[in-house]
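Architecture at a glance
Listed here are the chains, written in short residue letters.
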Amino acid sequence: MNRMEMKIMMISNGKKKFLLAAALVGLSAATLAPTNVVNADEIYYENQYGANQNYLRYEAVDGQLKDAEIVNNRTFDTLAYEASDNSYVKVNNKGSVTFTAKEGADGLTMRYSIKDGDKGEVKVYVNGNLMRTFHLDSSSAYQYVDGSNVYDTKATGHSHARFSFDEVHGFFGVHVNPGDTVTIENNGVELALDFVELENVPAPIPQPENSISITDSAYGAKDGQDSTVAFEKALKAAIEQKKTLYIPVGEFKINKKIDFTADGLTVTGAGMWYSKLNFTTNAKGQGGFEIGHDSNRLTFSNFAMTSALTSRYDHLDDKAQYKAFAGSFGKDSRIDHMWIEHFECGAWIGDYASIGMRYTDHLVIENSRIRNNLADGVNFTQGTRNSVVRNSNIRNNGDDSLATFSSSIHTNVYAENNSFEHNTIELGWRAGGVGIFGGKNHKVTNNLIKDSRGGAGIRVSTVFAKDGEGLGFKDNNEILIKDNMIVNSGTTNDFYWDHPKPRSNIDFEETFGPIKGITVQNNVFVNPVYTAEAITHAGVELDGKVKIIDSNVQGNTSSDPYKVDASMSHSVENGKEVYNFTYGDQPTFLPENSTAFERDYNYRGEREVDGHIIRLWEHK
C-alpha cells in the first residue's frame, strides 16, 4: 500500500471503533443537491477527513529508483523539511523514478524542487515510450523568510529558504492503464522529486446554452496569445446580455487585472485541465480578478488560473495586490472546480470601500485546488459571513492555508459563521493550516491537515486584533474545532518573532485581547513535529476560554506510530539508533536480532524521527 493511502484506527466519541481511509488527495465533486446551498448535510464525502479524491498519489520514495537516492530528514531548514513526510528522492542527471499505475490516468501532476535560479527538464515515459517533456523553472518558487519579512532573495544571513518545491502538470498524450509503468527521467540539473499524482481526466465540458465564448469572432481570443482585449470585450457583452461567459479549451494570456461588477454572471470553462487564464505580468497589482462591491450571485467554475507573479512585494505597505480573486462577492456566489496557483493569494474576500461597504454573504468555494501561492490560500475577511471552503485541496501556500480574519478597516462588523470543512490542507510553508483571527461562530471540521511546517495545524489568535486592524473574539458565542486529523504538523520554531515559538497541532495565542468561546472536540494528532504539548498555548489560560471535550483531551491526544525506547532491539549507524518497523496501515516493530529482513521483507524507505532512524519494511 502506498504510504499516502494511510489508514488509521481511532475511537470516535469514546464508543465506536472504525477503520478510516485518510486519503491525502482530492478532488472529485462532492455529491450535492441541485441548488447552491451551504448545508453540509447534503454532501456525500468518501472519507471522514479531507476532500474527496479524483487522483492517486505516488510518493517518489515508493518508486523504482535508477541513479537516484532517498533523502529523509526532519531537521529544521533542510529541503526534506518541506517535502511530504519529510522525504524525497534526489535524482541525478539521467537518473529516473518509475511507478506502476494502480488506476487509469490521462494526466500527471509532479511536485519537484530544483535549486534557486536553475532551470531543468524531465522526460515522461509510459511503458518505456517517451510521451512528453516538462520544462522546470524555479522562478515561481523560493522565498526567504526573516521574522515577519519575506524576501525574493536571501537578503539576510539568518533568513530561511522556503517555497522550495513547485509543481507542473499536463496530459500524457495516451491513456495510462493499470499496470502500465510511468517513468520520470531527469535530463539536467539535480532534481528533488517529492511525488506524482496520476489522474483520470473527464472529457472537456462543451459550451453551454445562452453563452458567449471568448473565442467568438466578435471578440477574438486566441489560444497561446495575449487575449486581454478580447476577454474584456466578451466579459462586457456577457454582463450586458445576461449570458454566461465561456472559456474554451486553450491557454489565454491576460496582461492586466480584470476589474468588473456584475449580478448573476457565470464565468465557466471546459474544465480545470483544459481551460486556463495565464496572467502574464509580474508587476504589482496587475493580475487576477477584482470584484466590484455591488456584485452578487457570481459563479466561477471549471477553469485554471496561473500567473507570472514572483514576489509578494513585501517591502510595500499594501504588498502585491495580486490575488486570483479579491473583493466582495455579495450574496450567494460560488467558486467551483477551479485550479489556482502562483498568485499572491488564491482568494482574499473583503470590501475595503470607506463608504458603502458591502459584505460577502454565502460564498461557497468548493471542489477546487489552491496551490503554490505566495501568501494565503483563502482568507475570509472584512465582515465575510456564512461562507465556506469545502472539498478542496489547499497545498504549498506561503501564509495561512485557510483563514477567517475579522478585520476592522472601515468596519466594525464581525466575520461570522464561516466554515472550513472536509478540505485536504497540506505542505504549507509559512503560518498555519487553518487560522482563526477573531469573529464569531466559525467551524473547522473534518479537515485533513498534513505536513503544515510553518506553524500550527490550526491556530486561534488575537495577533491581528490591534485597535484599527481587527475585532477579536469579543462577541463570539462558540467557535467549533471538531473531527480534524492533523498529521506531521507543527514546528519547534515558527521563525516569525524575535523569540521564535514552538507551535503544536493546535495553537492558542493572545496578543491584543483575549480569546473566548472555543470548543475543541474529537481531533486526532499523528506524529506531531513538536511533541512537548498536543496543544500549545504559551501564556494563555485556557480555563473559561477553551473547552476541550472529554477528560485527558480524549480524541486530541498525539499518536506516534513509531514510538520507540532504547530497550527495543536496534542497531546504530553513523551515531544514530536505527529501529525497524513494518510499512503500511499500522506499523509494527521488527526486532533487529530476530527478523530475517533480506529473506522475508522488501525495504521501503526510512525517515528520521526525534533524532533516530525509522527503517520501513514490507513483507514479501
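Scroll up to find the structure this text is about.
Residues numbered from 1 in each chain as written. Predicted model: local features only at pLDDT ≥ 70, side-chain atom pairs only at ≥ 80, totals over all residues. Heavy atoms only, no water.

Of regular secondary structure, the chain possesses two helices and 50 strands. A compact globule built from 620 residues should have a C-alpha radius of gyration of about 25 Å, and the chain, at 24 Å, falls within 12% of that. Considered along the principal axes of its C-alpha atoms, the chain spans approximately 75 × 65 × 50 Å. Look at the contacts in the chain between residues 6 or more apart in sequence, and 75% of them connect residues 24 or more apart. Carbon together with sulfur atoms contributes 47% to the accessible area of the chain, which is approximately 23400 Å² in total. (Helix = DSSP H or I, 4+ residues; strand = E, 2+ residues; numbered from the N terminus. Rg over C-alpha atoms; globule rule 2.2 N^0.38 Å. Contact = heavy atoms within 4.5 Å. Areas by Shrake-Rupley, 256 points an atom, 1.4 Å probe, with all protein chains shown as cover.)

What follows concerns the pattern of salt bridges. Applying the stated criterion across every chain yields a total of 37 salt bridges. Here Asp 77 and Arg 162 are joined by a salt bridge, their closest N and O atoms 2.9 Å apart. Residue Asp 77 is found in the loop between β4 (64–72) and β5 (87–100), and its partner Arg 162 is found in strand β11 (residues 160–162); the two are separated by 85 residues along the sequence. Residue Asp 194 is joined to Arg 111 by a salt bridge in which the shortest nitrogen-to-oxygen separation is 2.6 Å. Taken together, the residues Asp 194 in strand β14 (residues 191–199) and Arg 111 in strand β6 (residues 105–113) connect sequence positions 83 residues apart. The class for Asp 194 is buried, based on a relative accessible area of 0%. (Salt bridge = Lys/Arg side-chain N within 4 Å of Asp/Glu carboxyl O. Buried < 20%, exposed > 50% of the residue type's maximum accessible area, 1.4 Å probe, protein only.)

Glancing now at the environment of Val 249. For Val 249, the position within the fold is in the loop between β16 (244–247) and β17 (250–254). When the C-alpha atoms of Val 249 and Asn 484 are compared, they prove to be 37 Å apart, with 235 residues separating the residues in sequence.

As a further point, take the packing of aromatic side chains. Using the criterion set out here, one finds 26 aromatic pairs in the structure. The interplanar angle of 70 degrees and the centroid separation of 6.2 Å between the aromatic rings of Phe 300 and Phe 329 together place this pair among those described as edge-to-face. In this pair, Phe 300 is assigned in strand β22 (residues 299–307) and Phe 329 in the loop between β23 (325–327) and β24 (334–341), connecting sequence segments 29 residues apart. Take Phe 300 and Phe 329: they sit in the same class, and that class is buried. When the centroid spacing of 5.7 Å and the interplanar angle of 70 degrees are considered together, the rings of Tyr 603 and Trp 617 count as edge-to-face. (Phe/Tyr/Trp six-rings, centres within 6.5 Å; stacked < 30°, edge-to-face > 60°.)

Strand order in the open sheet formed by three strands is β10-β9-β11, with antiparallel pairing between adjacent strands. This sheet does not close on itself; its edge strands, each paired only once, are β10 (149–151) and β11. Across the sheet, the mean angle separating the axes of adjacent strands is 35 degrees when strand polarity is ignored. The sheet contact formed by strand β9 (residues 143–146) and β10 spans three bridges and is antiparallel. Bridge pairing in β10 links Tyr 144 to Tyr 151. (Pairing = 2+ DSSP bridges. Axes fitted to C-alpha atoms, helices over the stretch in contact; angles between N-to-C directions.)

You can see Asn 278 is positioned in strand β20 (residues 275–279). Once you skip the residues sitting within four places of it in the chain, Asn 278 turns out to touch Glu 251, Phe 252, Lys 253, Ile 254, Thr 306 and Ser 307.

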